[in-house]
Amino acid sequence: MEHDPLAAAVVAGATPEELSALPVPADYTAAHLRAEDVDTFAGVDDKDVRKSIHVGRVPMPELAPDEVLVAVMASGINYNTVWSAMFEPVPTFAFLRRFGREGAWAARHDTPQHVVGSDAAGVVVRAGAGVRRWRVGDRVVVSPAYVDDEEPATHADGMLGAGQLAWGFETNFGGLAHYCVARASQLLPKPAHLTWEEAASNPLCAGTAYRMLVSDRGARMKQGDVVLIWGAAGGLGAYAAQLVRGGGGIAVGVVSSEEKAARAREFGCHVVVNRHEIGLDGGVPEDPSVPGRRLGKLIRAAVGEDPHIVFEHVGRATFGVSVYVVRRGGTVVTCGSTSGYQHEFDNRYLWMRLKRVIGSHGANLDEQAATHRLLERGLLRPALTATYPLEETGEAARLVQRGQHTGKVGVLALAPGTGLGAEIPGVN
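Notes on the structure follow. Owing to the predicted nature of the structure, the values given are computational and were not obtained by experimental measurement.

1. Regarding the sheet that holds strand β2 (residues 54-59)
- Strand order across the open sheet formed by 3 strands is β2-β1-β4, with antiparallel pairing between neighbours. Strands with a single pairing partner mark the edges of an open sheet, and in this sheet they are β2 and β4 (113-115). Averaged over all neighbouring strand pairs, the angle between strand axes comes to 65 degrees, with direction disregarded.
- Sheet topology note: the strand β1 (residues 27-34)/β4 ladder contains 3 bridges and is antiparallel. Its bridge partner being in β4, Arg-34 is matched across the sheet by Gln-113.

Given below as structure tokens:
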């Protein structure tokens, strides 16, 4: 920060007037991918993301009228960053090129460096001429839903507009950096009682879990519902377990180790199943009904009935089991496919037993605000379990890539250490 007076001033707690008077740097430090590396993993089995994630200087983009420049204090690792760094299922530079073809301000995103990261907490240091609600000096968190407010569908649901993009994945200038560029419609005030790294750990996973389970666009969970949560000790699962328990449901988590089982119980699971008990070793079962029967038996023995809802994001390795095990008339809600996106399932169990599959993606700003309120009131807590410095973003992403983490993995950007940024005591 010795070459960046603006960043140093943010860390020192400068006033809005002082921040406004300092120049924005011409370049900044960011975790990024390089277009020249796209073929790095061709023919390679272990696509180690530490080889493709670089931390270094990138050019500072010009700010559009509806955007803010945020000095990022902390960010976080999500699985979309792992996909980006593996260049799967397609290199994200293809997303940037497609977006850039819209011209005007979108053209800025089509660069040979892709600054990744879909979570951030920090301080607004510049606001575009069209921004009304946010000012320099505001402490904010950034929602990952990058929406086009000129599309009619966006005004019904921000996630339905054809131009909706995942910020820091399908757009450039994401959160794993000293600065990020976001639309004003992505911002919410930082919860005052949370540290920078705690605040940054929530938006993507907590908002996604809320839309999947609670929103009227998701599974519409109600009191007493039995909810099966795959990966219950991971980032998404940690918030799902809390939402189920806090909403009067019964959370049944599936994990891969006793260590993760203990963490899943801490997050709120009433019952935890080790996936090895049902014959799932991470591969795709030849007949999903075999582990499905075992899992169903364990769930009925523990809670007396089959699940009303399955919280699904693992994908290919579990989806067939999810469709099998959910009760007649039940719902499988899915937001991702970390084990592969080509799913196979026996459709007889879907149509003959009147089950439903709901696709879910991110959260609109209203859903993010509802999630945010739960965090502010202490009814939902951050799932952060590990924090890395920005320089070690590759190591942090590798931990998530290999599934060796629990909860959320945070990254410190400008924040000089952990435990900083809380303005009021914690909420009980």
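We are not done yet, so read on.
2. What about empty space enclosed by the protein?
- Tallying each qualifying case throughout the model produces 2 cavities of 30 Å³ or more.
- Considered as a void within the structure, the largest cavity measures approximately 90 Å³ in volume.
- Of all the secondary-structure elements, those providing two or more residues to the lining of the largest cavity are β6 (139-142), α6 (203-213) and α12 (365-376).
- Among the elements that take part in the lining of the largest cavity, α12 stands out by supplying 4 residues, more than any other.
- Each residue belonging to the lining of the largest cavity can be placed in one class, and the counts come to 8 nonpolar, 6 polar and no charged.
- Volume-wise, the second largest cavity comes out at about 50 Å³.

3. Remarks on the sheet that holds strand β11 (residues 226-230)
- With respect to topology, 6 strands assemble into an open sheet ordered β13-β12-β11-β14-β15-β16, the strand pairing being parallel. In this open sheet, the two strands that pair with only one neighbour each are β13 (271-274) and β16 (356-359). Taking the axes of each pair of neighbouring strands and ignoring which way they run, one obtains an average angle of 20 degrees across the sheet.
- In terms of strand pairing, β11 meets strand β12 (residues 250-255) through 5 bridges, oriented parallel. Bridged to Ile-229 within β12 is Gly-253.
- Along the sheet, α6 makes contact with β11, β14 (309-312) and β15 (331-334), crossing β14 at roughly 150 degrees.
- In the packing of helix α8 (residues 258-267) onto the sheet, contacts are made with β12 and β13, and the angle to β13 comes to roughly 160 degrees.

4. Some details on the pattern of salt bridges
- Using the criterion set out here, one finds 21 salt bridges in the structure.
- Residues Glu-67 and Arg-108 are paired through a salt bridge, measuring 2.8 Å at the closest nitrogen-oxygen approach. Placement of Glu-67 in strand β3 (residues 67-77) and of Arg-108 in the loop between α4 (93-100) and β4 is noted, with a sequence separation of 41 residues between them.
- You can call Glu-67 buried: its relative accessible area is 2%.
- Here Arg-300 and Asp-306 are joined by a salt bridge, their closest N and O atoms 2.7 Å apart.
- Owing to a relative accessible area of 40%, Arg-300 belongs among the partly exposed residues under this scheme.
- By relative accessible area, which is 23% here, Asp-306 ends up partly exposed.
- What emerges from the salt-bridge pattern is a single network uniting Asp-46, Asp-48, Arg-50, Glu-395 and Arg-398.

5. Concerning the layout of surface pockets
- Approximately 960 Å³ is the volume attributed to the second largest pocket.
- Lining the second largest pocket are 40 residues, and of these Asp-66, Val-147, Asp-149, Arg-183 and Ser-185 sit closest to its centre.
- Mapped by element, the contributors of at least two residues to the lining of the second largest pocket are β7 (145-146), β10 (187-189) and α12.
- Sort the elements by how many residues they give to the lining of the second largest pocket and β10 lands first, with 3 residues.
- Class assignment of the residues belonging to the lining of the second largest pocket gives a composition of 17 nonpolar, 10 polar and 13 charged.

Here is what the cut-offs are and how they apply
Residues numbered from 1 in each chain as written. Predicted model: local features only at pLDDT ≥ 70, side-chain atom pairs only at ≥ 80, totals over all residues. Heavy atoms only, no water. Pairing = 2+ DSSP bridges. Helix = DSSP H or I, 4+ residues; strand = E, 2+ residues; numbered from the N terminus. Axes fitted to C-alpha atoms, helices over the stretch in contact; angles between N-to-C directions. 1 Å grid on protein atoms, 1.4 Å probe; cavity = no way out; pocket = protein on both sides within 12 Å on 5 of 7 lines; lining within 4 Å. Points joined across faces, edges and corners; volume = space filled by probe spheres on them. Nonpolar A, V, L, I, M, F, W, Y, C, P; charged D, E, K, R; others polar. Contact = heavy atoms within 4.5 Å. Salt bridge = Lys/Arg side-chain N within 4 Å of Asp/Glu carboxyl O. Buried < 20%, exposed > 50% of the residue type's maximum accessible area, 1.4 Å probe, protein only.

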